[in-house]
Amino acid sequence: MQNIAIFGATGSIGGSTLDVLSHYPDRYRVFALTANSRVRDLVALCEKHHPQIALIADCSKKADLASGLSERGLSDIEVWAGEDDLVKLAALPEVDVAVLAIVGAAGLAPTFSAARAGKRLLLANKESVVCGGALLMQSIKEHGAELLPVDSEHNAIFQCLASSNDHDRSQARIILTASGGPFRNRFDLSDVTPEDAVAHPTWQMGRKISVDSATLMNKGLEVIEASWLFGFPPD
Ligand code: NDP
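K.L.:
Talk me through the environment of Asn3; I want residue IDs and the actual numbers.
P.N.:
Relative to the helices and strands, Asn3 resides in strand S1 (residues 2-7). The buried category is assigned to Asn3, whose relative accessible area is 12%. Counting along the chain gives 24 residues from Asn3 to Arg27, while the straight-line C-alpha distance between them is 9.0 Å. Every residue in contact with Asn3, bar those within four places of it in the chain, is listed here: Arg29, Phe31, Glu94, Val95, Asp96 and Val97. Engagement of the side chain of Asn3 in a polar contact is seen with the backbone oxygen of Glu94, the distance being 3.0 Å.

As structure tokens, this is what we get:
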């Protein structure tokens, strides 16, 4: 049985992860769930998955989380709060796998903590690779951690390269494609709204990555992410 800690459990990737885990209760245990400020959503997830630890990053919501859990008879779940606890959780000996699905640079500290503790990292938080790629890759190597990319393109590349030999790898070129999501084939963006930008025609994702996809910023982040993960300099 592997203990899984999900950082950013209330988000889009967090939800998909929990969905997958729910199919394998004999192999994976939901050990810890974290959120930033959405206490109600976190309590609902705790009710369903019964982790040992529930963590809210916004310390001002700690009492709300404790009372929400207590009202549902879940007082046995430990309540943690704040960035220091995020870092502590990522390094906890009981944690076998850290799913890093916090959005933005707030994911950096727990990601580094998991790397330094030699964990298996399931990394969705591309911003931490973009912000700290060199140090992160070094830390993973030094501490015997393992990084599995969750970002879909990077996961696909990871699987292709894993089955290739050194020669094929040295010849490989990585090409990332982009569509522009809701703004595909639109050349004049002067009157678009934030709501237009998050209305991706194919994927239901968090708001930041949806806007990043619509503006193509996401593809820039992905190129940087790929260059660190796979050791290819961007063209
Ligand atoms: P969401 O916005 O759906 O979820 C973000 C999660 O992070 C929530 O649990 C949120 O908590 C938590 N969070 C936000 N700010 C903080 C903070 N300051 N401290 C601690 N926790 C915080 O994001 P996504 O799931 O869409 O994306 C997560 C990551 O995965 C991003 O880096 C994104 O680029 C990457 N990714 C996402 C994909 C997708 O399909 N969604 C695909 C590929 C990569 P709360 O709910 O309380 O606000």
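Here the narrative resumes.
K.L.:
So, unusual backbone geometry: which residues are in play, and what are the values?
P.N.:
Negative phi is the rule for most residues except glycine; trans is the rule for most peptide bonds. Residues other than glycine seldom take positive phi values, yet Asn185 does so here, at roughly 65°. Locating Asn185 in the fold gives a position in the loop between helix H8 (166-171) and helix H9 (194-198). Using a relative accessible area of 65% as the deciding quantity, one classes Asn185 as exposed. Even without a glycine there, the phi angle at Leu216 is positive, about 70°. Following the sequence through the fold, Leu216 ends up in the loop between helix H10 (207-215) and helix H11 (217-230).

K.L.:
Requested: an account of the side chain of Ser213, with residues and values cited.
P.N.:
Turning to its location among the elements, Ser213 is positioned in helix H10. Setting aside anything within four residues of it in sequence, one finds Ser213 in contact with Gly180, His200, Met205 and Asn218.

K.L.:
Can you break down H10 residue by residue, with the values?
P.N.:
Those residues of H10 that sit buried are Ser210, Asp212, Ser213 and Ala214. Those residues of H10 that are buried lie in contact with H9 and H11. Among the residues trailing H10, Leu216 stands out with phi positive, at a value near 70°.

K.L.:
Quick one: what's the story with the site of the ligand, residue by residue and with numbers?
P.N.:
Contacts to the ligand come from 23 residues, most closely from Thr10, Ser37, Arg38, Glu127 and Gly206. Thr10 has a polar side-chain atom sitting 2.6 Å from an oxygen atom of the ligand. Asn36 places a polar main-chain atom, nitrogen or oxygen, 2.9 Å from an oxygen atom of the ligand. Relative to its unbound accessible surface of 900 Å², the ligand loses 84% to contact with the protein. In this structure the site holding the ligand corresponds to the largest pocket. Listed by contribution, the elements that provide at least two residues to the shell around the ligand are helix H1 (12-21) and helix H6 (126-142). Along the lines of polarity and charge, the residues of the shell around the ligand split into 11 nonpolar, eight polar and four charged.

K.L.:
So what's going on with the nonpolar core? Which residues, and what values?
P.N.:
The nonpolar side chains of a soluble globular protein tend to be buried, and buried together. In terms of nonpolar packing, the biggest core is built from 31 residues, with Phe7 and Leu89 touching the most fellow members. With residues near it in sequence (within four places) discarded, Leu89 still touches Phe7, Phe31, Ala32, Thr34, Ile53, Leu55, Trp80 and Val95. Counting residues in each nonpolar core, the second largest holds 22 residues, with Ile6, Ala35, Val39 and Leu69 among its members.

K.L.:
Describe the layout of surface pockets, with residues and values.
P.N.:
Vacant regions in the atomic arrangement are exposed by a probe of water-molecule size rolled over the atoms. In this structure, the largest pocket encloses a volume near 1,200 Å³. The wall of the largest pocket is formed by 50 residues, among which Ser12, Ile13, Met205, Gly206 and Ile209 lie closest to the centre. Those elements giving two or more residues to the lining of the largest pocket turn out to be H1, strand S2 (28-35), helix H4 (83-91), H6, helix H7 (152-162), H10 and H11. Counting residues per element, the lining of the largest pocket draws most heavily on H10, which supplies five residues. Broken down by class, the residue content of the lining of the largest pocket amounts to 17 nonpolar, 21 polar and 12 charged. Its boundaries defined by the atoms lining it, the second largest pocket holds a volume of some 480 Å³. In terms of lining residues, the second largest pocket is bounded by 18 residues, among which Thr17, Val20, Leu21, Leu122 and Val150 are the most central.

Reading the values: rules and limits
- Residues numbered from 1 in each chain as written.
- Predicted model: local features only at pLDDT ≥ 70, side-chain atom pairs only at ≥ 80, totals over all residues.
- Heavy atoms only, no water.
- Helix = DSSP H or I, 4+ residues; strand = E, 2+ residues; numbered from the N terminus.
- Buried < 20%, exposed > 50% of the residue type's maximum accessible area, 1.4 Å probe, protein only.
- Contact = heavy atoms within 4.5 Å.
- Polar contact = N/O pair within 3.5 Å; in protein donor to acceptor, adjacent residues only side chain to side chain.
- Near = heavy atom within 4 Å.
- Areas by Shrake-Rupley, 256 points an atom, 1.4 Å probe, with all protein chains shown as cover.
- 1 Å grid on protein atoms, 1.4 Å probe; cavity = no way out; pocket = protein on both sides within 12 Å on 5 of 7 lines; lining within 4 Å.
- Sits in = over half its atoms within 2 Å of the grid points.
- Nonpolar A, V, L, I, M, F, W, Y, C, P; charged D, E, K, R; others polar.
- Core = buried A, V, L, I, M, F, W, Y, C linked by side-chain atoms within 4.5 Å.
- Points joined across faces, edges and corners; volume = space filled by probe spheres on them.

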